[in-house]
Amino acid sequence: MYGDTSNLDEVRQRLNSVSPCFCLAKWKHVTIHLLNGTNHSCYLPPPHKIPLEEIARNPSALHNSSHKKQVRKDMLEGRRTKECGMCWTIEDLPGNQLSDRIVRGTETWTKPYFDEVRRMPWDADVFPAYMEVSFSSICNFKCSYCAPHVSTKWHEEIKQHGPYELSARHNDMQWVVDQGLMPIEDEDNNPYIEAFWKWWPDVYPHLKVFRVTGGEPLLSKHTFRVLDWIDEHPHTGLELDINSNLGVPTPVFERFLARVEKLTREKKIRHFKIHTSLDNFGAKAEYIRHGLDFERFQKHVHDYLTRLPQGDISFMSTFNILSVDGYERFLDWMIELREQHQKNGRWVNFDIPHLTGPMHLSARILTPDYQDKVAGLARYIQARVDEDRKKPRLRAIEFEKMRRIHEWMRQPLPEDQLRTLRHDFYLYFREHDRRRGTDFLATFPEMKGFWEFCRDLGKPKEPTLSL
Ligand code: SF4
Ligand code: SF4
């Protein structure tokens, strides 16, 4: 997940020598949501719409949109582009905090391109070195923080029950339409997928990493078409990454594993990595990622790690309001997996980005006692850090990430906003339990006090007596 992080200060200085806003990810990384014609670089800023007339002229506009080129110009000229606010917030915190802008500058898909990028005209068409695409929103999960334009299961729920009625309507399809995020449901009739297949033979040789995301990619036929294409056009410099919730039926997972086993056994790619998500452990994780069967998930993780002895795995652990209690179990499992499977050059990784939206699920709205719990989690990681790969434990960068979350949680939010968000938290999960037959308090008994506190924020205020 990370490049060589031993020289972060040097990377910071190098990037800042171009401009304090310069980030190589804007050139060399792209996530393209072919399902609705949007893209972003990196994955943190909100996606922007790709004009159809731009891809009709030039399919590389899937990455090199006119919007993206303007943002690159801002970066080169030292203007803080609004869409990268998450990095500026972190960089403005006390204590020389580590932003993603710096971490991404260490990657194998950014670092070698520093000179090339800083010398090219701001409006040049660039081949990304790391490209991620999503073909379809088809998904068998409806994770708490996900949305109906990303998951068909979520879409079904909203069609049946309507949006969640919080202080504002949440996951309202009208909002999705207004934002231009409505997925194109017919995969066979999608101009962005067409543009992708036109651009693919040109961009393919330049890629160091190609990643497929979703929805759930193992449920899209284009994922299997990509696997077949690579089988016919080996690229020995390519790392192929697939995101999966690892919750598809086992026969589908078996079909996928067989294809990937062949690609790696016959050395048709340089490396394979699976990315999955887990934000807590056991029943708590099942609650956050609705549709997850934790036992099946563990089996698929085990099958993958056993059958692809060289294949990496990376867990995206989106640290959210429901991640704090019980997170030690997740960390222990990461250590166990590393002890069992991190050998012969393979990595078992996890990343801990903090969830920034929707805000009623953000750890930042928790009460200050939770800041102490997160400080405890940082200490828990720190006590288990060992960078020796022969004794795989936890890594210093993971401690840094948790320390950064703690610092971020301590930044105060305006009182009125906090009150609204906390009550939204309660309204959201009360309705979630009603619709989905779940039981919040049975799953998170440690959060009873916070739940009741948030519930009571909706009660009318006591009238104040005046004499
Ligand atoms: S959000 Fe940060 S890491 Fe991502 S492109 Fe912007 S500056 Fe770079
Ligand atoms: S598995 Fe991915 S696409 Fe599906 S609901 Fe969860 S976050 Fe959304």
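Below is a short write-up of the structure. Quick caveat: nothing in here was measured; it's all calculated off a predicted structure.

**Structural notes on the overall build of the chain**
Here is step 1: Each helix and strand in the chain was counted, giving 20 helices and 13 strands.
Here is step 2: Relative to the globule expectation of 23 Å for 467 residues, the C-alpha radius of gyration of the chain, 22 Å, shows essentially globular dimensions.
Here is step 3: Judged by the C-alpha coordinates and their principal axes, the chain covers about 80 × 50 × 50 Å.
Here is step 4: Taken across its 467 residues, the chain has 41% of its residues classed as buried.
Here is step 5: Taking all contacts inside the chain whose residues are at least 6 apart in sequence as the whole, residues at least 24 apart take part in 75%.

**So, the pairing of strand β13 (residues 348-351)**
For a regular strand, side chains alternate in direction, first toward one face of the sheet and then toward the other.
Here is step 1: Here strand β12 (residues 312-316) pairs with β13 via 4 bridges, running parallel. Residue pairing in the sheet places F315 in a bridge with F350 of β13.
Here is step 2: For the crossover that starts at β12, traverses helix α15 (residues 327-341) and ends in the parallel β13, the hand is right-handed.

**Overview of the packing of helix α12 (residues 250-265) against helix α14 (residues 294-307)**
Here is step 1: Contact geometry for α12 and α14: axes closest at 11 Å, N-to-C directions at 20°. Classified by the angle between their axes, α12 and α14 sit roughly parallel to one another. For the pair α12 and α14, the sense of crossing is right-handed. The segment α12 lies against α14, with F253, L257 and E261 engaging H300, D303, Y304 and R307.

**Quick look at unusual backbone geometry**
Here is step 1: Here S41 and C42 are connected by a cis peptide whose omega angle stands at -10°.
Here is step 2: By secondary structure assignment, the location of C42 is in the loop between β2 (38-40) and β3 (48-49).
Here is step 3: Following G214, the chain continues to G215 via a peptide bond in cis, the omega torsion being 15°.
Here is step 4: Phi is positive for K267, close to 55°, though the residue is something other than glycine.
Here is step 5: Along the chain, K267 falls in the loop between α12 and β10 (269-277).
Here is step 6: For K267, a count of 9 C-beta atoms within 10 Å gives the class exposed.

Conventions used here
Residues numbered from 1 in each chain as written. Chains lettered and ligands numbered in written order. Predicted model: local features only at pLDDT ≥ 70, side-chain atom pairs only at ≥ 80, totals over all residues. Helix = DSSP H or I, 4+ residues; strand = E, 2+ residues; numbered from the N terminus. Rg over C-alpha atoms; globule rule 2.2 N^0.38 Å. Buried ≥ 20, exposed ≤ 12 C-beta atoms within 10 Å, placed from the backbone. Contact = placed C-beta atoms within 7 Å. Pairing = 2+ DSSP bridges. Right-handed = clockwise from strand over helix to strand, strands pointing away. Axes fitted to C-alpha atoms, helices over the stretch in contact; angles between N-to-C directions. Parallel < 35°, antiparallel > 145°, perpendicular 65-115°, else oblique. Left-handed = near helix turned anticlockwise from the far one by under 90°.

Functional significance is not addressed by these values, which are geometric in nature.
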